[in-house]
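Below are the chains, spelled out letter by letter.
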Amino acid sequence: MTLPGSPHVAYRGDTLYVEDCSLVDLARRFGTPLYVYSRSAMLAAANAYQRALAGRDHLICYAMKANSTLAVLQTFVDAGCGFDIVSGGELERALAAGADPDKVVFSGVGKTRAEMSRALAVGVMCFNVESEAELDVLSSVASKAGRTARVSLRVNPDVDAKTHPYISTGLKGNKFGVAHERAVEVYRHAAALPGIEVVGIDCHIGSQITEASPYLDALDRVLDLVEAVEAHGLRLHHLDLGGGLGITYTDEQPPAADALVAALLARIDARGHGHRKILFEPGRSLVGNAGVLVSEVLYLKPGDHTNFCVVDAAMNDLMRPAMYQAWMGIVACTLRDAPPVVCDVVGPICESGDWLGRDRALAVQAGDMLAVLSAGAYCMSMASNYNSRGRAAEVMVSGDQAWLIRDRELPAELFRGEHLLPKA
Ligand code: LLP
């Protein structure tokens, strides 16, 4: 049976493996729910971008919101990547994982003064500024600190990424970026501000994009702007084309990263911009297919209307189905020679929205292990403690080696930092 997603997650006989590690063995050793990642899959995904950019001045800034676990970040540090961060917390994580601040871009619509100060102090490569108001605050924070903030404006190209409305970000009605028609004026304003050095331009139009055309449309709009801005005597050294490339959850067929990058570079060269440094901010396409969530079947609950398969992972561990009605593959870690039963795979949380998959044909019994596929991106990083559930443990696999990279969260850790009222 071939699975959608990564070649590093595959059956050997009737047993599901990540690289050379059996998921049932890992579940026994580390418990469930358990996230398991393939290091080779992450490195291969980064390499696809890098190979297409070889020979050019470029930087892949991994959008760490997709999965910000330290050992995952460390894997991308080792691969020569930088990071796209969106908070002070992400900055500290990147530094703790060994990131070079000079390879960090700071995105996000709501950076605080404290976050700006810290990012200036450690010397991030660039702030991706999303509004005029933010620009003015950044100028004042940088000037007071006697530093210069390198700035790229995130422009909103007003193109439709043709993806889920919650994760489409490049349309006019979105909160992101500076409107295309205001961009030249805002650049001129930026160039005149103290403590600000204009260095680039960026755009990010959405996530889980499965076609090349929205990227090419956005690129054309961005290059039009670069030309307009430079006509005013400003210089934009780098082009940051954001992230957004989709992955295969079921039957999606997104372009391969190297093919997409090659198409974009061809357009960049054709328009005479080949000398510029190129940045990308991929998140999902670097880690999504590299991970699975392993969960134990607790109970089978047959019903007249719906059969339920109750597992020990829930929406707090993996929120994408509940939040976006996202479809994620669910398979048995050991294939049984029995007729499959159609069921809803649900967790123990007290909400009807707590489901991982609906109408899935599975041949399983209580005590079996299931794997949610393509769970490397926006799963652990979006996990919560709802219902006072500790977050899952995480394991990184390389060949036949498996390292625990995050301990399972213990009950006492859930209320660390809380305080009872004084006794009356
Ligand atoms: N750069 C910026 C400025 C972003 O906002 C994002 C994602 C990325 C890069 C990375 O995009 P990617 O390559 O991962 O598509 N939680 C949602 C996805 C939210 C994406 C938010 N921004 C999900 O589970 O589908």
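The shown structure was predicted, so the numbers you read here are calculated from the model rather than taken from an experiment.

Cut-offs used in this document
- Residues numbered from 1 in each chain as written.
- Predicted model: local features only at pLDDT ≥ 70, side-chain atom pairs only at ≥ 80, totals over all residues.
- Heavy atoms only, no water.
- Salt bridge = Lys/Arg side-chain N within 4 Å of Asp/Glu carboxyl O.
- Helix = DSSP H or I, 4+ residues; strand = E, 2+ residues; numbered from the N terminus.
- Buried < 20%, exposed > 50% of the residue type's maximum accessible area, 1.4 Å probe, protein only.
- Contact = heavy atoms within 4.5 Å.
- Near = heavy atom within 4 Å.
- Polar contact = N/O pair within 3.5 Å; in protein donor to acceptor, adjacent residues only side chain to side chain.
- Areas by Shrake-Rupley, 256 points an atom, 1.4 Å probe, with all protein chains shown as cover.
- Nonpolar A, V, L, I, M, F, W, Y, C, P; charged D, E, K, R; others polar.
- Pairing = 2+ DSSP bridges.
- Core = buried A, V, L, I, M, F, W, Y, C linked by side-chain atoms within 4.5 Å.
- Domains from an automatic or database assignment.
- Phe/Tyr/Trp six-rings, centres within 6.5 Å; stacked < 30°, edge-to-face > 60°.
- Lys NZ or Arg CZ within 6 Å of the ring centre and 35° of its normal.
- Buried area = accessible area lost by both parts, 1.4 Å probe.

**Thoughts on the pattern of salt bridges**
Throughout the structure, instances matching the rule amount to 22 salt bridges. Residue Asp-25 pairs with Arg-28 through a salt bridge whose shortest N-O separation is 3.5 Å. Of the two residues, Asp-25 and Arg-28 are both situated in helix H1 (residues 23–30); the distance of three residues between them amounts to about one turn of the helix. A relative accessible area of 43% places Asp-25 in the partly exposed class.

**Quick look at the side chain of Asn-128**
In this structure, Asn-128 sits in strand S8 (residues 126–129). Apart from residues lying up to four places away in sequence, Asn-128 is in contact with Asp-84, Val-105, Phe-106, Ser-107, Gly-108, Lys-111, Glu-134, Ser-152, Asp-202, Asp-240 and Glu-281.

**Some words on the site of the ligand**
Taken together, 18 residues lie near the ligand, and Ser-207, Glu-281, Arg-320, Tyr-324 and Tyr-378 sit nearest. Separating an oxygen atom of the ligand from a backbone N or O atom of Gly-244 is a distance of 2.7 Å. Between the ligand and Arg-320 there is a distance of 2.6 Å, counted from an oxygen atom to a side-chain nitrogen or oxygen. The fraction of the free accessible surface of the ligand (590 Å²) that becomes covered by protein chains is 92%. For the shell around the ligand, the per-class residue count stands at six nonpolar, six polar and six charged.

**A closer look at unusual backbone geometry**
Residues apart from glycine generally show negative phi values, whereas peptide bonds are mostly found in trans. For the bond running from Thr-32 to Pro-33, omega is -5 degrees, close enough to zero to count as cis. Following the sequence through the fold, Pro-33 ends up in the loop between H1 and strand S4 (34–38). Within the chain, Gln-208 stands out as a residue other than glycine whose phi angle is a positive 55 degrees. Locating Gln-208 in the fold gives a position in the loop between strand S11 (196–202) and helix H8 (213–230). For Asp-359, which is not glycine, the phi dihedral falls at a positive 55 degrees. As for its placement among the helices and strands, Asp-359 is situated in strand S18 (residues 355–362).

**Looking at the environment of Leu-318**
Turning to its location among the elements, Leu-318 is positioned in the loop between strand S15 (308–311) and helix H11 (320–324). For Leu-318, a relative accessible area of 0% translates into the label buried. Sequence-wise, Leu-318 and Met-380 are 62 residues apart; in three dimensions their C-alpha atoms are separated by 6.7 Å.

**Structural notes on the pairing of strand S21 (residues 401–406)**
One ladder, built from five bridges, connects strand S20 (residues 393–398) with S21; its direction is antiparallel. For Glu-394, the partnering residue across the bridge sits in S21 and is Arg-406.

**Digging into the nonpolar core**
Tyr-62, Phe-76, Phe-83, Phe-127 and Leu-370 are the most contacted members of the largest nonpolar core, which has 107 residues in total. Here this core gathers at least three residues from each of two domains, domain 1 (9–38 + 288–414) and domain 2 (107–282). Here Phe-76 is in contact with Met-42, Ala-46, Tyr-62, Cys-81, Phe-83, Leu-286 and Val-287, once residues within four sequence places are set aside. Among the nonpolar cores identified, the runner-up in size contains 24 residues, and Leu-3, Leu-34, Val-292 and Val-395 belong to it.

**Section: the sheet that holds strand S3 (residues 21–22)**
On the basis of which strands lie adjacent, the open sheet formed by three strands has the order S1-S2-S3 and antiparallel pairing. Pairing within the sheet leaves two strands with one partner each, and these edge strands are strand S1 (9–12) and S3.

**Points about the packing of aromatic side chains**
Counted according to the given criterion, the structure contains five aromatic pairs. Aromatic pair Tyr-35 and Tyr-37: ring centres 6.2 Å apart, planes at 10 degrees, arrangement stacked. Here Tyr-35 and Tyr-37 have matching classes, each one buried. A cation over an aromatic ring shows up here: Arg-12 above the ring of Tyr-17, its NZ or CZ 4.6 Å from the ring centre. Geometry around Phe-106 places Lys-111 over its ring, the cationic atom sitting 5.6 Å from the centre.

**Digging into the domain arrangement of the protein chain**
One widely used convention gives an interface's size as the accessible area the parts lose upon coming together. Looking at the assigned domains, one finds that the protein chain contains domain 1 (9–38 + 288–414) and domain 2 (107–282). For domain 1 versus domain 2, the separation of C-alpha centres amounts to 36 Å. A buried area of about 740 Å², summed over both sides, lies between domain 1 and domain 2, and 58% of it is on carbon and sulfur atoms. The three residues of domain 1 that bury the most area against domain 2 are Asn-289, Tyr-324 and Trp-327, which together make up 52% of that side's buried surface. Linking domain 1 to domain 2 there are zero salt bridges. Applying the counting rule to domain 1 against domain 2 returns two residue pairs in polar contact (both at pLDDT 80 or more).

**Here's the deal with the pairing of S4**
Burial of S4 is extensive: five of the five residues sit out of reach of the surface. Side chains Leu-34, Val-36 and Ser-38 of S4 all project onto a buried face; the interleaved residues Tyr-35 and Tyr-37 project onto the opposite face, where all are buried too. Relative to strand S14 (residues 291–301), S4 is paired through four bridges, and the arrangement is antiparallel. Bridge assignment links Leu-34 to a residue of S14, and that residue is Val-294.

**Brief notes about the side chain of Glu-130**
Tracing the sequence through the fold places Glu-130 in the loop between S8 and helix H6 (132–145). Relative accessible area serves as the criterion here: at 4%, Glu-130 is assigned to the buried category. Other than its neighbours up to four places away in sequence, Glu-130 contacts Gly-108, Val-109, Arg-154, Phe-176, Gly-177 and Val-178.

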